[in-house]
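Here are the chains, one letter per residue:
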Amino acid sequence: MTFTRKALCGVAALAMSTGAGFAEPVDDTLVLNEEQTLVTRTTAPAHLEGVLSEIISGWHFRGTETRAMQTDDFDNPGMIFVEQAEEVWNTADGTEGKSCASCHEGSETMAGVRPVYPKWNEAAGEVRTLEMQINDCRENQMGAEPWKYTGGDMVNMTALISSVSRGMPVNVAIDGPAQSTWEKGKELYYTRTGQLELSCSNCHEDNYGNMIRADHLSQGQINGFPVYRLKNTRLNSAHDRFKGCIRDTRAETYAPGSDAFVALELYVASRGNGLSVEGPSVRN
Amino acid sequence: MRRCLFAGAVYAVLTMGVSAGEVSPTEVKYEDGAIAQSLTGTSGDPAAGREIVGDKSLGNCVACHAVTDLADVPFHGEIGPMLDGAGDRWTEAELRGIIANAKIMFEDSMMPSFYKTEGFIRPGNAYTGEAADDSFGPLLTAQQIEDVVAYLVTLKE
């Protein structure tokens, strides 16, 4: 068996070297609007020691044209939704007659928010995603109806809030009161779910850079969320993507906004600590 | 997808005639990860196996494994070892065991277990994202496993 297994590895190595030549992450630099250089490859955060040495944005795993679309706000279809959210930002809603701007002034004041979410909320005693915080504002400050977790209004607003932090490094806290949630997310990341028994790590840690059928596997970083996907021509939230991935393991998925996905988001975000915020990014 | 699998299952039952001699997923006996006896009691059909290996809605083996013989099927993956020469490297019994449940021979293998019905975490109803229901069965039928085995033994260097 030792011999056959070794032979197997040899063949696998050969297949990789002679297989699809475009499988490595592309060596390229993401410059936004010809003025801002984003960090898309950097040293992995300390908690990934022994697991990954370098963290790489999903941008490097996409084709030339897709990468180019993200470099200019006029070419990035995700920015259309940012503009729509900008209007909503300034429009009063709810019983209090307030808009986001009533308390926060211009949307640019949100710079620095996206990089640190999900984040522990002391008053609520829980780790909150950006979506949860937005709905808290709507319900408790504006007296407005909460938005659907992955609905258009919500994902557009997260795109606006991300967009003003582009270029800032992801920096979610994983210690202190957030630690137990982070541990839960880590456990889920390594759990092999569904009839196909696949974990996040099977594809995005052990096989990034490899092709699975026609798909080029990335590290599954979420620094670019929400993501404008050419596949469905709209913005997609991280929880929507988690749901799709887990569904594709032939599993019963978790719901967007569930405790499980909040924990997973914190953990996956922490694997990208140091990469620039890119949302709204452009992907397949 | 479900219809294709179903059609495959019907096809398998029709071609087998009866499934009386079939070994169910929970009765399979592994020896060092290999399965000595045919799961159906008969030999598989290599032509049907070739179809299953390349078909996205059946085995979809090429999602992870490249196979020169299936060059007509686009987009072969590179997750697992190339299948060229599989018939030289493995015995029929080993191939049957690896396809049915590769994790018995290779504990941490990423490869899905194609003839297994128990022990899953949050098993779903195919690709719907919903929980599994009474229709839950193995990824491939016994006949389909045998067809794939029959095809893979023909892959010689």
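Conventions used here
Residues numbered from 1 in each chain as written. Chains lettered and ligands numbered in written order. Predicted model: local features only at pLDDT ≥ 70, side-chain atom pairs only at ≥ 80, totals over all residues. Heavy atoms only, no water. Phe/Tyr/Trp six-rings, centres within 6.5 Å; stacked < 30°, edge-to-face > 60°. Lys NZ or Arg CZ within 6 Å of the ring centre and 35° of its normal. Axes fitted to C-alpha atoms, helices over the stretch in contact; angles between N-to-C directions. Helix = DSSP H or I, 4+ residues; strand = E, 2+ residues; numbered from the N terminus. Parallel < 35°, antiparallel > 145°, perpendicular 65-115°, else oblique. Contact = heavy atoms within 4.5 Å. Nonpolar A, V, L, I, M, F, W, Y, C, P; charged D, E, K, R; others polar. Buried area = accessible area lost by both parts, 1.4 Å probe. Salt bridge = Lys/Arg side-chain N within 4 Å of Asp/Glu carboxyl O. Polar contact = N/O pair within 3.5 Å; in protein donor to acceptor, adjacent residues only side chain to side chain. 1 Å grid on protein atoms, 1.4 Å probe; cavity = no way out; pocket = protein on both sides within 12 Å on 5 of 7 lines; lining within 4 Å. Points joined across faces, edges and corners; volume = space filled by probe spheres on them. pLDDT = per-residue confidence, 0-100. Buried < 20%, exposed > 50% of the residue type's maximum accessible area, 1.4 Å probe, protein only.

What to know about the packing of aromatic side chains
Right, so step 1: This model, assessed by the stated rule, comprises nine aromatic pairs over all chains.
Right, so step 2: One aromatic cluster is present, formed by Trp182, Tyr189, Tyr190 and Tyr267 of chain A through successive ring pairs.
Right, so step 3: Across the ring face of Trp59 of chain A, the terminal group of Arg67 of chain A is positioned such that the distance to the ring centre comes to 5.6 Å.
Right, so step 4: When the ring centre of Tyr254 of chain A is taken as origin, the NZ or CZ atom of Arg122 of chain B, which lies over that ring, is 3.7 Å away.

Here's the deal with the packing of helix H9 (residues 238-247) of chain A against helix H10 (residues 259-270) of chain A
Residues and elements named next belong to chain A.
Right, so step 1: At their nearest, the axes of H9 and H10 sit 10 Å apart, and the two run at 100° to each other. The orientation of H9 relative to H10 falls into the category roughly perpendicular. Between H9 and H10, the residues in contact are His239, Phe242, Lys243 and Ile246 and Phe261, Val262, Leu264, Glu265 and Val268, respectively.
Right, so step 2: In the contact of H9 with H10, the residues fall into six nonpolar, one polar and two charged.

What about the interface of chain B and chain A?
Right, so step 1: At the junction of the two partners, chain B supplies 46 residues and chain A supplies 36 residues.
Right, so step 2: Summed over both sides, the interface between chain B and chain A buries roughly 3500 Å², with carbon and sulfur atoms accounting for 59% of that surface.
Right, so step 3: Taken together, the connections running from chain B to chain A amount to two salt bridges.
Right, so step 4: Our enumeration of links across chain B and chain A arrives at 15 residue pairs in polar contact (both at pLDDT 80 or more).
Right, so step 5: Sort the elements by how many residues they give to the side of chain B that touches chain A and helix H4 (residues 92-105) of chain B lands first, with three residues.

Describing the packing of helix H7 (residues 179-189) of chain A against H10 of chain A
Residue and element names in this part refer to chain A.
Right, so step 1: Two numbers describe how H7 lies on H10: the axes approach to 7 Å, and their chain directions differ by 90°. As judged from the angle between their axes, H7 and H10 are roughly perpendicular. For the pair H7 and H10, the contacting residues are Thr181, Trp182, Lys184, Gly185, Lys186, Leu188 and Tyr189 in the first and Asp259, Ala260, Ala263, Leu264, Leu266, Tyr267, Val268 and Ser270 in the second.

Brief notes about empty space enclosed by the protein
Taking a probe equal in size to a water molecule and rolling it over the atoms shows the remaining empty space.
All names here are of chain A.
Right, so step 1: Summed over the entire model, instances satisfying the criterion amount to one cavity of 30 Å³ or more.
Right, so step 2: Within this model, the largest cavity holds a volume of roughly 170 Å³.
Right, so step 3: If you go around the largest cavity, you meet 16 residues; those closest to its centre are Arg114, Tyr117, Ile222, Phe225 and Glu265.
Right, so step 4: Class assignment for the residues of the lining of the largest cavity results in 10 nonpolar, three polar and three charged.

Focus on the confidence of the model for chain A
Right, so step 1: Here chain A averages 93 in pLDDT, and 92% of its residues register 70 or above.
Right, so step 2: Contacts for the low-pLDDT stretch residues 1-21 of chain A, under 50 throughout, to residues beyond four places or in other chains number 21 contacts.

Notes on the environment of Val51 of chain A
Residues and elements named next belong to chain A.
Right, so step 1: In this fold, Val51 is placed in the loop between strand E3 (41-43) and strand E4 (54-56).
Right, so step 2: By relative accessible area, which is 35% here, Val51 ends up partly exposed.
Right, so step 3: Spatially, the C-alpha atoms of Val51 and Phe242 are 21 Å apart, while their sequence positions differ by 191 residues.

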